[in-house]
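Overview (structure and organization)
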Amino acid sequence: MIIDFHTHIWPDKISKKAREHLEKIYGIKLACDPTLSNLLKFMDKNYVDKSVVCAVASRADQVESINKWLFGVKSERIEIFCSMHPKCKKTVSYTHLTL
């Protein structure tokens, strides 16, 4: 079994903006928008059985909505690491949900 243990994706509605931001910050060109459908295509093309999606919250108020979205993409092929932020009081309550 091949597991890609560190991936990042965004909801379709913000993936283009996320891609443009990442390209600007890191000075690289991404192959495609970082979406679930593109991750699954990459996995199929490269014989990856499972991917772990890691999400980043840059603000505490983003944690809840990011984690709700993550649980929506969790599947047989997609595992998740919940988003955390040091200023979010609910962070600990999310960590046990992914176990």
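Just so we're clear, the structure is a prediction, and the values are computed from it rather than from any experiment. (Residues numbered from 1 in each chain as written. Predicted model: local features only at pLDDT ≥ 70, side-chain atom pairs only at ≥ 80, totals over all residues. Heavy atoms only, no water.)

**Quick word on the packing of aromatic side chains**
Summed over all chains, the structure comprises one aromatic pair. Taking 5.5 Å as the distance between ring centres and 80° as the angle between the ring planes, the aromatic pair formed by Phe5 and Phe81 counts as edge-to-face. Of the two residues, Phe5 is situated in strand β1 (residues 3-7) and Phe81 in strand β3 (residues 78-81); the sequence distance between them amounts to 76 residues. The exposure class of Phe81 is partly exposed, given its relative accessible area of 39%. (Phe/Tyr/Trp six-rings, centres within 6.5 Å; stacked < 30°, edge-to-face > 60°. Helix = DSSP H or I, 4+ residues; strand = E, 2+ residues; numbered from the N terminus. Buried < 20%, exposed > 50% of the residue type's maximum accessible area, 1.4 Å probe, protein only.)

**With respect to the pairing of β3**
Alternating residues of β3 divide into Ile78 and Ile80, all buried, and Glu79 and Phe81, none buried. Note on the crossover from strand β2 (residues 50-54) through helix α3 (residues 63-73) to β3: the handedness is right-handed. (Right-handed = clockwise from strand over helix to strand, strands pointing away.)

**Focus: helix α1 (residues 12-26)**
Between its first and last C-alpha, α1 extends 21 Å over 15 residues, near the 21 Å set by a 1.5 Å rise per residue. Within the span of α1, buried status applies to Ser15, Ala18, Arg19 and Glu23. Gly27 occupies a position one or two residues after α1 and carries a positive phi of about 65°. (Expected span 1.5 Å × (residues − 1).)

**Examining the nonpolar core**
Ranked by size, the top nonpolar core spans 13 residues in total, and within it Leu39, Met43, Val53, Leu70, Ile78 and Ile80 carry the most contacts. Listed by contribution, the elements that provide at least two residues to this core are α2 (36-45), α3 and β3. With four residues, the top contributor of residues to this core is α3. The residues contacting Leu39, other than those within four sequence positions of it, are Thr7, Ile9, Ser51, Val53 and Ile78. (Core = buried A, V, L, I, M, F, W, Y, C linked by side-chain atoms within 4.5 Å. Contact = heavy atoms within 4.5 Å.)

**Quick word on the side chain of Asn67**
Within the secondary structure, Asn67 sits in helix α3. What makes Asn67 buried here is its relative accessible area of 0%. Here the side chain of Asn67 touches Ser83 through a polar contact of 2.6 Å, landing on its backbone nitrogen. (Polar contact = N/O pair within 3.5 Å; in protein donor to acceptor, adjacent residues only side chain to side chain.)

**Comments concerning the pattern of salt bridges**
Scanning all chains against the criterion turns up eight salt bridges. Ionic pairing is found between Arg19 and Asp33, a salt bridge with its closest N-O pair at 2.4 Å. Separated by 14 residues along the polypeptide, Arg19 in helix α1 and Asp33 in the loop between α1 and α2 bring together distant segments of the chain. Glu64 is paired through a salt bridge with Lys68; the nearest N and O atoms lie 3.4 Å apart. Within this pair, Glu64 and its partner Lys68 are both found in helix α3, separated by four residues, close to a single helical turn. Each member of the salt-bridge network shares a partner with another, and the members are Arg19, Glu23, Lys29 and Asp33. (Salt bridge = Lys/Arg side-chain N within 4 Å of Asp/Glu carboxyl O.)

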